[in-house]
Amino acid sequence: QVQLAESGGGLVQAGASLRLSCAASGRTFSNYDAGWFRQAPGKEREFVAGIRWNGRQTYYADSVKGRFTISRDNAKNAVYLQMNSLKPDETAVYYCAVGGYTVPDVFTWGQGTRVTVSS
């Protein structure tokens, strides 16, 4: 069983950067694909970025390509999301996830970390 805990959210101005971290517990974390999702108020949870279990391939939502970077360190049981040039409409709760790149494929979620981008 993998458990996830996100950190790094906060309040920033538009155009700023944030780095989210996700600490995983459980020795099998390195066996699984991981990703970040977000859910804005009144909206469905959506995929943001994903990374293969070995870190060799990454995937991004079109809306964040070129601005966000996902990475992982399996030795530290961690996955990260570097977010640059943040926009106000990216205000959301960001969730770390393990299992896949769509909501139905995810089998473990973190508790989420709130990111607020002011204009």
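Right above here is the structure, for reference.
These numbers come from a predicted model, not from an experiment.

**Some remarks on the side chain of Thr-113**
Looking at the secondary structure, you find Thr-113 in strand 11 (residues 113-118). In this structure the side chain of Thr-113 is engaged in a polar contact, spanning 3.1 Å, whose partner is the backbone nitrogen of Gly-9. Beyond its immediate chain neighbours, meaning those up to four positions away, Thr-113 contacts Glu-6, Ser-7, Gly-8, Gly-9, Leu-20, Ala-92, Val-93 and Tyr-94.

**Here's the deal with the nonpolar core**
By size, the foremost hydrophobic cluster in this structure holds 28 residues, and its most contacted members are Trp-36, Val-48, Phe-68, Val-79, Leu-81, Met-83 and Tyr-94. Broken down by secondary-structure element, the contributors of at least two residues to this core are strand 3 (18-25), strand 4 (34-39), strand 5 (46-51), strand 7 (68-73), strand 8 (78-83), strand 9 (92-98) and strand 11. Filtering out sequence-adjacent residues up to four positions away, Tyr-94 remains in contact with Glu-6, Leu-20, Trp-36, Phe-37, Arg-38, Val-48, Phe-68, Leu-81, Met-83, Gly-112, Thr-113 and Val-115.

**Describing the packing of aromatic side chains**
Applying the stated criterion across every chain yields a total of six aromatic pairs. Consider the rings of Tyr-59 and Tyr-101, whose centres lie 4.9 Å apart with planes at 45°: the pair is tilted. Taken together, the residues span a long stretch of sequence, with Tyr-59 in strand 6 (residues 58-60) and Tyr-101 in the loop between strand 9 and strand 10 (108-109) at a distance of 42 residues. An aromatic cluster is defined as three or more aromatic residues linked by ring pairs; in this entry it consists of Phe-37, Phe-47, Tyr-59, Tyr-95, Tyr-101 and Trp-109.

**Examining the sheet that holds strand 3**
Spatial strand order, 1-3-8-7: four strands in an open sheet with antiparallel pairing. A strand with exactly one partner marks an edge of an open sheet, and here the two such strands are strand 1 (3-7) and strand 7. Going from strand to strand, the sheet's axes swing by 15° on average, the running direction of each strand aside. Alignment of strand 1 against strand 3, held across five bridges, turns out to be antiparallel. In the strand pairing of strand 3, Ser-7 is matched with Ser-21.

Calculation criteria
- Residues numbered from 1 in each chain as written.
- Predicted model: local features only at pLDDT ≥ 70, side-chain atom pairs only at ≥ 80, totals over all residues.
- Heavy atoms only, no water.
- Helix = DSSP H or I, 4+ residues; strand = E, 2+ residues; numbered from the N terminus.
- Polar contact = N/O pair within 3.5 Å; in protein donor to acceptor, adjacent residues only side chain to side chain.
- Contact = heavy atoms within 4.5 Å.
- Core = buried A, V, L, I, M, F, W, Y, C linked by side-chain atoms within 4.5 Å.
- Buried < 20%, exposed > 50% of the residue type's maximum accessible area, 1.4 Å probe, protein only.
- Phe/Tyr/Trp six-rings, centres within 6.5 Å; stacked < 30°, edge-to-face > 60°.
- Pairing = 2+ DSSP bridges.
- Axes fitted to C-alpha atoms, helices over the stretch in contact; angles between N-to-C directions.

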